Amino acid sequence: MAPEGVQGTFPGMPPSLYAASASKLNAFLDCPRRYRFAYLDRPTPPKRTQRAHTSVGNAVHNALRDWWDRADRTPQAGAALVREGWIDVGFRDGAQSARWRDRSEAAVAAYLTGLDGGRQPVGIERTVAFVSGTVRFTGRIDRLDERDGELVVVDYKTSRRVPSVDEARSSMALALYAAAVWKMFRRPTYAVELHHVPSGVVVGHRHTSESLARQVERAKSIAQEARRADADYARAGAASEAFAPVVGPLCRWCDFRAHCPEGQQVGPEHSGWAALGEDEPGAPDPRAVAADDGEVSDGRDE
Ligand code: SF4
């Protein structure tokens with residue numbers, strides 16, 4: 001039976017749908033002010049320059065996507081894709097960028113060594129969506145495998161920190177992806193996995209229909225709160241009091257810090273390369289200080 005709450009809407013009664021994604025909901029949870037900057041203020045306030053760890057994450061994700069288009073699905077081909085598509089943005093200098101490019105090439109090659117290139121995934125960077133109540137969830141799954149007749153949601157991680165099994169279990173994003181796959185493919189989908197490319201560690205969790213339904217309901221509850229805040233913004237604009245800043249360690253990483261006087265009180269801002277962990281050893285991984293770090297991506301938008 002499909003998880004409760006993943007049902008469609010009544011025909012002929014189109015509701016006003018709230019467009020949600022895991023990153024949007026997490027932005028609202030982490031800091032409503034940041035959510036307002038990112039999703040409501042128009043024009044969107046300029047973000048700071050992309051950080052190096054996001055460049056690394058994007059380059060690795062892109063290589064792992066494009067590898068499936070290659071006739072020669074070899075680890076060397078994966079490494080070449082990283083090199084060709086390297087994103088030289090946010091690093092301290094050229095030497096640091098080159099070092100991380102080499103490191104990322106090696107990590108991708110090692111990861112691909114353990115992969116069967118002859119087994120085509122069901123989906124690669126597949127966009128998925130479903131409607132539940134008055135919320136429309138969308139997301140992009142890094143890879144959707146089929147193993148032993150079962151669909152498995154795979155999410156790549158490139159952070160320094162190796163994810164835990166608990167993160168796979170508690171991740172709202174992974175649960176929403178599984179629920180969306182269930183809905184779109186009309187196939188029960190329980191298995192979710194985090195693949196940490198730098199270490200090759202894979203952690204997984206097997207949901208139940210109840211645990212998926214719980215995550216869907218949790219997401220809907222956050223969406224409901226965000227919808228109320230959106231309505232207040234429509235009424236009051238930037239003067240709305242529904243977007244209080246949540247001042248804390250994340251402010252040192254926030255892309256919108258330049259527009260946020262409260263957040264600037266927490267300082268100093270981390271450098272663009274701090275999350276690489278090379279010369280700010282005390283700087284925690286930004287994903288480790290998020291309100292719900294199981295949800296935080298490698299800085300990639302969904
Ligand atoms: S600087 Fe801090 S308080 Fe301000 S928007 Fe960013 S996370 Fe929120």
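The structure this text deals with has already been given above.
The rules we used
- Sequence order sets the numbering: in each chain, residues are counted from 1 along the sequence as written.
- For a predicted model such as this one, the threshold for reporting local features is a pLDDT of at least 70, and the threshold for listing and counting side-chain atom pairs is 80 or more; totals across whole chains, interfaces and linings nevertheless cover every residue.
- The side-chain numbers reported here are obtained from all heavy atoms of the structure, hydrogens and water having been left aside.
- Helix and strand assignments come from DSSP, with helices taken as H or I runs of at least 4 residues and strands as E runs of at least 2, each series counted from the N terminus.
- For this analysis, residues touch if any pair of their heavy atoms sits within 4.5 Å.
- The Shrake-Rupley method, run with a 1.4 Å probe sphere, supplies the accessible areas, and residue values consider only the shown protein chains as cover.
- Nonpolar cores were defined as sets of buried Ala, Val, Leu, Ile, Met, Phe, Trp, Tyr and Cys residues, with membership established by side-chain atoms within 4.5 Å.
- Burial classes follow relative accessibility: with a 1.4 Å probe on protein chains only, a residue under 20% of its type's maximum area counts as buried, one over 50% as exposed, and anything between as partly exposed.
- For this purpose, a residue is taken to be near a molecule or strand whenever a single non-hydrogen atom of the residue falls within 4 Å of it.
- Nonpolar residues are Ala, Val, Leu, Ile, Met, Phe, Trp, Tyr, Cys and Pro. Charged residues are Asp, Glu, Lys and Arg, and all others, Gly as well, are polar.
- In this analysis, rings of Phe, Tyr and Trp, with Trp reduced to its six-membered ring, are considered paired at centre separations within 6.5 Å, and the interplanar angle assigns stacked below 30 degrees, edge-to-face beyond 60, and tilted for intermediate values.
- Here, a charge over a ring is recorded when the distance from Lys NZ or Arg CZ to the ring centre is within 6 Å and its angle to the ring normal is within 35 degrees.

Peer 1: Explain the overall build of the protein here, please?
Peer 2: Within the protein, the secondary structure is distributed over eight helices and six strands. Counted from the first residue to the last, the protein has its helices and strands arranged as β-α-α-α-α-α-β-β-β-α-α-β-β-α. Excluding contacts between residues fewer than 6 apart, the proportion of contacts in the protein whose partners are at least 24 apart in sequence is 70%. If you sum the accessible surface of the protein, you get close to 13,800 Å²; carbon and sulfur atoms cover 52% of it.

Peer 1: Explain the nonpolar core to me, please; I cannot follow it from the model alone.
Peer 2: One broad trend across soluble globular proteins is that nonpolar side chains are buried collectively. Among the nonpolar cores identified, the biggest contains 40 residues, and Tyr18, Leu25, Tyr35, Phe137, Val153 and Leu176 are the most heavily contacted of them. Ranked by residues supplied to this core, first place goes to helix α7 (residues 172–185) with eleven residues. Those residues in contact with Tyr35 that sit more than four places away from it in its chain are Tyr18, Lys24, Ala27, Phe28, Leu40, Ala226, Asp230 and Phe243. Judged by nonpolar contacts, the second largest core, of 24 residues, contains Trp86, Val108, Val154 and Leu276.

Peer 1: I tried to follow the site of the ligand on my own but got confused; where do I start?
Peer 2: Surveying the vicinity of the ligand reveals the residues Cys31, Arg33, Arg34, Phe37, Pro245, Val246, Cys251, Cys254, Cys260 and Gly263. Taken together, the residues of the shell around the ligand break down into seven nonpolar, one polar and two charged.

Peer 1: Whenever I open this one, the packing of aromatic side chains confuses me. Can you help?
Peer 2: The geometry of an aromatic ring pair is captured by two quantities: the separation of the ring centres and the angle between the planes. Under the defined criterion, the tally for this structure stands at ten aromatic pairs. Ring geometry for Tyr35 against Tyr39: centres 5.4 Å apart, planes inclined by 40°, an arrangement best described as tilted. Of this pair, Tyr35 and Tyr39 both sit in helix α2 (residues 32–40), four residues apart, which is roughly one turn of that helix. Classification of Tyr35 by relative accessible area gives buried; the value is 0%. A relative accessible area of 29% means that Tyr39 is categorised as partly exposed. Taken together through their ring pairs, the aromatic side chains of Phe28, Tyr35, Tyr39, Tyr233 and Phe243 make up a single cluster. One residue, Lys24, lies across the ring of Tyr18, its end atom 4.5 Å from the ring centre. The ring centre of Trp100 lies 4.2 Å from the NZ or CZ of Arg103, which sits over that ring.

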